[in-house]
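# Architecture and fold: a report
Listed below, chain by chain, are the residues.
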Amino acid sequence: MQRSRRTALRIALVAMGWLASAAFAQAPQLSPEVQAYVRVQAPKIVLMHVRVIDGTGAAPLDDRNVTIENGKIAAVDQGADLASAGGTTALDLRGYSVMPGIVGMHNHMFYIERPNLTAPGHYEQPVMIPEMAFTAPRLYLAAGVTTMRTTGSIEPYTDVNVKHDIDAGKLVGPHIDATGPYLEGGASYFVQMPHLKSPDDARQLVEYWADHGVTSFKAYMNITRAELKAAVEAAHQRGIKVTGHLCSVTYKEAAEAGIDDLEHGFFVNTQLDPDKKPDTCSQSQGSETLARMDAASAEGRDLIDTLVKHHVAITSTLPVFEGLLGGGRPPIRQAVLDAMTPEARHDYFLLREPRPAGSFRPKTDWNLLWKHDLELEHAFVAAGGLLVAGPDPTGAGDVLPGFGDQRGIELLVEGGFSPVEAIKIATLNGAIYLGREKQIGSIAAGKNADLVVVKGDPSKQVSDVENVEIVFKDGVAYDSKKLLDSIKGRYGQY
Ligand SMILES: [Zn+2]
């Protein structure tokens, strides 16, 4: 009797183990290095008495129990008291909110190094772009980014391999949509990017990298219309999307060429730049156009109409432009400084100093551009366009992975979106763009448990998105503070 009971128990345990491993098929065995950052691991985790901001733009739901089982959200119920027992861990989260994991759509894994930077903002060429394969994935996950696009890669082999190692449980980090090498033309400012010579060259690059694990592409500032068209066709043949930070090609030309997404809101459309020539980047890189184009103008309305008709998404990247407004922007955040190497911190403060007149795009009134861009982003959303978000680290060294994603949500709110709308733009809209909205991007039973637990209530005070404590990815609870501690003083180095 005793014996057979034991045997039965053993069979039951083996069966449970098998079920658990079958259910976790998508979430593999985590290496000890990754395990070190896991805060809670249990077959069933219940977030008790938490406020749910579900990512759809709906009003928040107070006092809910969110049950996570086998990597998925099993249920969202009225708040109730539960005791941790057996395979269930219950967390009392009164005073906390849970929102979907951020889907960062303009997120890099590199840092921009300005050699021999001096006080007035002078530096020597070539600008170098070291890969942050250690710090960036940890910064993203710590900040609540559970899925990200690399949006132009300098080391595509690294990005693809890091993605695979994260998916295999060997490295800690978010889910990654790895973007191929920049599709850049010959007149490039960056020595580490491909310099395309022809449409055929563009097609070959797309095909090679699609064969090597890249899942998206990004066109850059000096590509020609013919090269862009060839790249888009080759990518679409493989079901891969193309975005662009453009200059030589206008937004309307890119829409006609079949592009799927345009980076930097409306800041880099060049159609009204006075010196614009076909296939050539203009001097102001789009500032002249945005200064002339508000949402009510005939050109603005026509552009939005064209983008919506062609199903072109727009990526809002407010954090990368914020520093150009001056006035002590962005606010200094200790956690951001703590993440950087002493050298990166030094450059960060040099780049914050007011520039002498005429040193950078002299005729540009950034406050006017900021206003016009936000008007156009609102009009685009009102017209049914898909607005997604990403911070574009690093800008002037003041936009960091993860922290920048949080800042992007805050700036969308400053720009007139409600907090729940801004969170939707940063979560569900990105999931929709990636075609993954059935799995991620909002909080509902059956979806992947990619969730961020923050102290406070970002639906009332949006800066509470910075108070991240636990980040769930596929139901595994990562400790935000431990992740940040592990990269302290290293961002800018590796
Ligand atoms: Zn970028």
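Residues numbered from 1 in each chain as written. Predicted model: local features only at pLDDT ≥ 70, side-chain atom pairs only at ≥ 80, totals over all residues. Heavy atoms only, no water.

Now for the overall build of the chain. Regarding its fold elements, the chain presents 17 helices and 17 strands. For 494 residues, the compact-globule formula gives about 23 Å, and the C-alpha radius of gyration of the chain, at 23 Å, lands near that figure. The principal-axis extents of the C-alpha atoms in the chain amount to approximately 90 × 45 × 45 Å. The buried share of the chain, taken over its 494 residues, is 55%. Summing over all exposed atoms, the chain offers an accessible surface of approximately 20,000 Å²; the carbon and sulfur share of this is 54%. Looking at charge distribution, the chain has the averaged site of its 48 positive side-chain charges lying 6 Å from that of its 60 negative ones. (Helix = DSSP H or I, 4+ residues; strand = E, 2+ residues; numbered from the N terminus. Rg over C-alpha atoms; globule rule 2.2 N^0.38 Å. Buried < 20%, exposed > 50% of the residue type's maximum accessible area, 1.4 Å probe, protein only. Areas by Shrake-Rupley, 256 points an atom, 1.4 Å probe, with all protein chains shown as cover. Lys, Arg positive; Asp, Glu negative; His and termini not counted. Charge placed at Lys NZ, Arg CZ, Asp CG, Glu CD.)

Moving on: the nonpolar core. Core analysis: the biggest nonpolar cluster contains 100 residues, and Phe217, Phe266 and Tyr478 have the highest contact counts within it. With near-sequence residues (within four places) excluded, tyrosine 478 lies in contact with Leu30, Val34, Tyr37, Val38, Arg39, Leu141, Val172, Glu469, Ile470, Val471, Lys473 and Leu483. Counting 20 residues, the second largest nonpolar core, distinct from the first, contains Ala42, Leu47, Val52 and Ile470. (Core = buried A, V, L, I, M, F, W, Y, C linked by side-chain atoms within 4.5 Å. Contact = heavy atoms within 4.5 Å.)

This part covers the confidence of the model for the chain. Of the residues in the chain, 93% reach a pLDDT of 70 or more, and the chain-wide mean stands at 93. Throughout residues 1-25 the model reports pLDDT below 50, and contacts reaching past four residues in sequence, or to other chains, amount to four contacts. (pLDDT = per-residue confidence, 0-100.)

The next subject is the environment of proline 60. Summarising the element assignment, proline 60 is placed in the loop between β2 (44-52) and β3 (61-69). For the pair proline 60 and alanine 143, spaced 83 residues apart in the sequence, the C-alpha separation amounts to 21 Å. The residues contacting proline 60, other than those within four sequence positions of it, are Arg51, Val52, Ile53, Val420 and Ser459.

Let us look at the side chain of histidine 49. By the secondary structure assignment, histidine 49 is in strand β2. Within polar-contact distance, the side chain of histidine 49 engages the side chain of aspartate 63 at 2.6 Å. A distance of 2.8 Å separates a polar atom in the side chain of histidine 49 from a polar atom in the side chain of aspartate 81. (Polar contact = N/O pair within 3.5 Å; in protein donor to acceptor, adjacent residues only side chain to side chain.)

In this structure the tally under the stated criterion is 26 salt bridges. Residues glutamate 466 and arginine 333 are paired through a salt bridge, measuring 3.5 Å at the closest nitrogen-oxygen approach. Here the residue glutamate 466 occupies a position in the loop between β15 (451-455) and β16 (468-473), and arginine 333 occupies one in the loop between α10 (318-322) and α11 (334-339), the gap between them amounting to 133 residues. Put simply, Glu322, Arg329, Arg407, Glu410 and Glu414 are held in one network by salt bridges that share partners. (Salt bridge = Lys/Arg side-chain N within 4 Å of Asp/Glu carboxyl O.)

A few words on the sheet that holds strand β12 (residues 261-262). The five strands lie next to each other as β10-β11-β12-β13-β14, forming an open sheet whose pairing is parallel. Pairing within the sheet leaves two strands with one partner each, and these edge strands are β10 (216-219) and β14 (387-389). For β12 and strand β13 (residues 313-316), the ladder comprises two bridges, and the chain directions are parallel. Paired with aspartate 261 across the strands is alanine 313, a residue of β13. (Pairing = 2+ DSSP bridges.)

This part takes up the pairing of strand β4 (residues 72-78). Across six bridges, β3 lies against β4 in antiparallel orientation. Bridge pairing in β4 links glutamate 69 to lysine 72. Taking the residues that link successive antiparallel strands as the turn, the β3-β4 hairpin has two residues, and the phi of asparagine 70 there is positive, at about 50°.

Those residues of helix α17 (residues 480-487) that sit buried are Ser480, Leu483, Ser486 and Ile487. Angular distribution of buried residues about the axis of α17 spans 130°; they occupy a single face of the element. Residues of α17 that are buried in the fold lie against α3 (135-143), α11, β16 and β17 (476-479). The backbone nitrogen of lysine 481 has a side-chain oxygen 3.1 Å away, supplied by the residue at the start of α17, namely aspartate 479. (Arc of directions from axis to C-beta.)

Take the packing of aromatic side chains next. In this structure the tally under the stated criterion is 13 aromatic pairs. Pairwise contacts between aromatic rings join Tyr182, Tyr189, Phe190 and Tyr220 into one cluster. The ring of tyrosine 123 has arginine 114 lying over it, and the distance from NZ or CZ to the ring centre is 5.9 Å. The residue whose ring lies beneath lysine 241 is tyrosine 433, and the NZ or CZ to ring-centre distance is 4.2 Å. (Phe/Tyr/Trp six-rings, centres within 6.5 Å; stacked < 30°, edge-to-face > 60°. Lys NZ or Arg CZ within 6 Å of the ring centre and 35° of its normal.)

Our focus in this paragraph is unusual backbone geometry. Peptide bonds are, in most cases, trans, and in most cases residues other than glycine have a negative phi. In the segment running from arginine 329 into proline 330, the intervening peptide bond is cis, with an omega of -15°. Among the structural elements, proline 330 can be located in the loop between α10 and α11. Residue threonine 394 is reached from proline 393 by a cis peptide bond, and omega for that bond is 25°. Among the structural elements, threonine 394 can be located in the loop between β14 and α14 (403-414). For histidine 311, which is not glycine, the phi dihedral falls at a positive 55°. You can see histidine 311 is positioned in the loop between α9 (298-309) and β13. The phi dihedral of aspartate 392 falls on the positive side, at around 60°, and the residue is not glycine. In this fold, aspartate 392 is placed in the loop between β14 and α14. Take aspartate 392: its relative accessible area is 12%, and that puts it in the buried class.

What makes a disulfide is a covalent bond joining the sulfur atoms belonging to two cysteines. Overall, the coordinates contain one disulfide when judged by the stated rule. Here cysteine 247 connects covalently by a disulfide to cysteine 281, the sulfurs 2.0 Å from one another. Looking down the S-S bond of the cysteine 247 and cysteine 281 bridge, the torsion is 85°, so its handedness is right-handed. Of this pair, cysteine 247 sits in the loop between β11 (241-244) and α7 (251-256) while cysteine 281 is found in the loop between β12 and α8 (287-292), placing the two residues 34 residues apart along the sequence. A relative accessible area of 0% places cysteine 247 in the buried class. Assessed through its relative accessible area of 21%, cysteine 281 is described here as partly exposed. (Disulfide = S-S within 2.5 Å.)

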